[in-house]
Amino acid sequence: DRVSLVLSSKVCVSKEGTVAHYGMLATDEIEEGEVLFTIPRSALLHQGTSKVSAVLEKEKSSLESSSGWVPLLLALLYEYTSPQSHWRPYLSLWTDFKTLDLPMFWPTEERDALLRGTGISEAVNRDLANIRREYMDVVLPFITKHPHLWSPDTHTLGLYMQLVAFVMAYSFQEPQEGEDDDEEEAASPPMMVPMADMLNHVSNHNANLEFTPDCLKMVSVRPIQKGEEVFNTYGEMANWQLLHMYGFTEPYRSNSNDTADIPVANLYRVATQGIQSDLDRQLMEEQWEVLCEMMQDKAAFVFGKQGCLTDTELHTVLKVLCMSKEEFSEFKENEGWEEDDEDEDKISLVFSNEGLPGLKASWKWLIHEAARLTVRSYGDDEGKTEGEGSDWALNDQATLAGLNSRQQNALQVRCGQKTILYRLMELTK
Ligand code: SAM
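Fair warning: this is a prediction, and the values are worked out from it, not measured in the lab. (Residues numbered from 1 in each chain as written. Predicted model: local features only at pLDDT ≥ 70, side-chain atom pairs only at ≥ 80, totals over all residues. Heavy atoms only, no water.)

Once that is clear, we can look at the overall build of the protein chain. Check the secondary structure of the protein chain and you find 15 helices and 13 strands. Computed over the C-alpha atoms, the radius of gyration of the protein chain is 25 Å, within 12% of the 22 Å expected from 2.2 N^0.38 for a compact globule of 429 residues. Taken along the three principal axes of its C-alpha coordinates, the protein chain extends 75 × 50 × 45 Å. Of the contacts made within the protein chain by residues no fewer than 6 positions apart, 69% connect residues no fewer than 24 positions apart. For the protein chain, the exposed area adds up to about 22,300 Å²; of that, 49% sits on carbon and sulfur atoms. Taking the average place of the 37 positive charges on the side chains of the protein chain and the average place of its 71 negative ones, the gap between the two points comes to 7 Å. (Helix = DSSP H or I, 4+ residues; strand = E, 2+ residues; numbered from the N terminus. Rg over C-alpha atoms; globule rule 2.2 N^0.38 Å. Contact = heavy atoms within 4.5 Å. Areas by Shrake-Rupley, 256 points an atom, 1.4 Å probe, with all protein chains shown as cover. Lys, Arg positive; Asp, Glu negative; His and termini not counted. Charge placed at Lys NZ, Arg CZ, Asp CG, Glu CD.)

All chains considered together, the criterion is met by 14 aromatic pairs. Aromatic side chains Trp94 and Phe166 sit 4.7 Å apart centroid to centroid with 55° between the ring planes, which places their arrangement in the tilted category. In this pair, Trp94 sits in the loop between helix H3 (88–91) and helix H4 (108–115) while Phe166 sits in helix H6 (residues 157–170), placing the two residues 72 residues apart along the sequence. By relative accessible area, Trp94 is classed as buried at 8%. The class of Phe166 is buried, set by a relative accessible area of 0%. Plain terms: the ring middles of Phe166 and Tyr170 are 5.1 Å apart, the flat faces sit at 45° to each other, and that makes the pair tilted. Highlighted residues: Phe166 and Tyr170, both in helix H6, separated by four residues, approximately one helical turn. With respect to burial, Phe166 and Tyr170 carry one shared label: buried. An aromatic cluster of three or more residues is present, and its members are Tyr80, Tyr90, Trp94, Phe97, Phe166 and Tyr170. (Phe/Tyr/Trp six-rings, centres within 6.5 Å; stacked < 30°, edge-to-face > 60°. Buried < 20%, exposed > 50% of the residue type's maximum accessible area, 1.4 Å probe, protein only.)

What follows deals with the packing of helix H2 (residues 70–81) against H6. One can describe the packing of H2 onto H6 by two numbers: an axis separation of 10 Å at closest approach and a directional angle of 115°. Comparing the axis directions of H2 and H6 gives the class roughly perpendicular. Two packed elements cross with a definite hand, and for H2 against H6 that hand is right-handed. Here Val70, Leu72, Leu73, Leu76, Leu77, Tyr80 and Thr81 of H2 come into contact with H6, specifically with Leu159, Tyr160, Leu163, Val164, Phe166 and Val167. (Axes fitted to C-alpha atoms, helices over the stretch in contact; angles between N-to-C directions. Parallel < 35°, antiparallel > 145°, perpendicular 65-115°, else oblique. Left-handed = near helix turned anticlockwise from the far one by under 90°.)

Shown next, in the form of structure tokens:
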């Protein structure tokens, strides 16, 4: 009430009857489109609403970093450790962040062993290097310069890492206008949204946060029964992303947003396998060089439950790798294809689960073998052979019951990814 947050009488925050700690429950029948709560922008915690906002604004040029998170983290370091903080009632919900069992806090050996092949260990290693670098290069010099507000003894790298995890798992980002445009805009900085961050996530969510100029509103997107949990969406998240950033997974069969990656390099390895002559090898190397330039930092093809999500890139790579010497010379002379040559809708259909079996044999073989190579990178023997079909793992709850929560989450990620890869192999046999 004090900060003018308006909560509908049809919902409550609870620790019971939710999937994980706090969550929101419906205490009455809710229709689609009902506002469940409204948060004025003044009740959001970010660099502009913190007590230290003036110094953060004045010296913002020294706080730039690749993540763009440093100003919010400095505000949180200050508010979290200040007994008089206006945000005390909110921040005191977390006396520590122990419940946040993100893979970044797992011992390295455990992380590498449990998450091999999933891509999470590599993502965490990049995060840890970035976090350390940002703390040492940006945060530490800044807090040392402002000893009346921060101190390296209190605001340690350890606390900083916990707050990074808090931001990862609890913050929101203002959606950007025209997000689909090709123009790359800098992402909006993260902010903390009290009450909205009490909601848990499922892919089949029933509520959604709307951003307006004055306030943020949680609105139901379908009817919710009395007693049901109110679920927000954190975005279209594959299980590996959920585990990486939030420390949990959905049962892999019910996560409609699950994906598996095939590294571009695996497709290239497969393509080079059968090459006999030096001339062919040289052609392939040239093709690969051109592709690397075209793909820039895209290192993997992403496959979802309905087909390839990076279809344009996959199409390009397959076309170039399967070109004859003459076709490739012509392609280079033209500096690519004519713009209207490719119809995006048609490509997405061609690389959907429905379209894949109809691809030409050479393309199917490349995809099939690249998927097989990717499956091998998990280095385990779950599922044994590809012939066992797509629903080969986790058929009984007993398998899960014997595992700790890290093992369970890792298994959900692996099973989801491998199911997608085996399905792809079936479709491209
Ligand atoms: N449950 C949180 C709490 O008690 O503070 C509130 C949601 S917070 C934004 C996000 C965290 O909630 C995640 O990092 C994860 O620990 C948990 N969470 C959210 N959705 C979940 C789900 N479907 N299953 C398990 N845990 C979930």
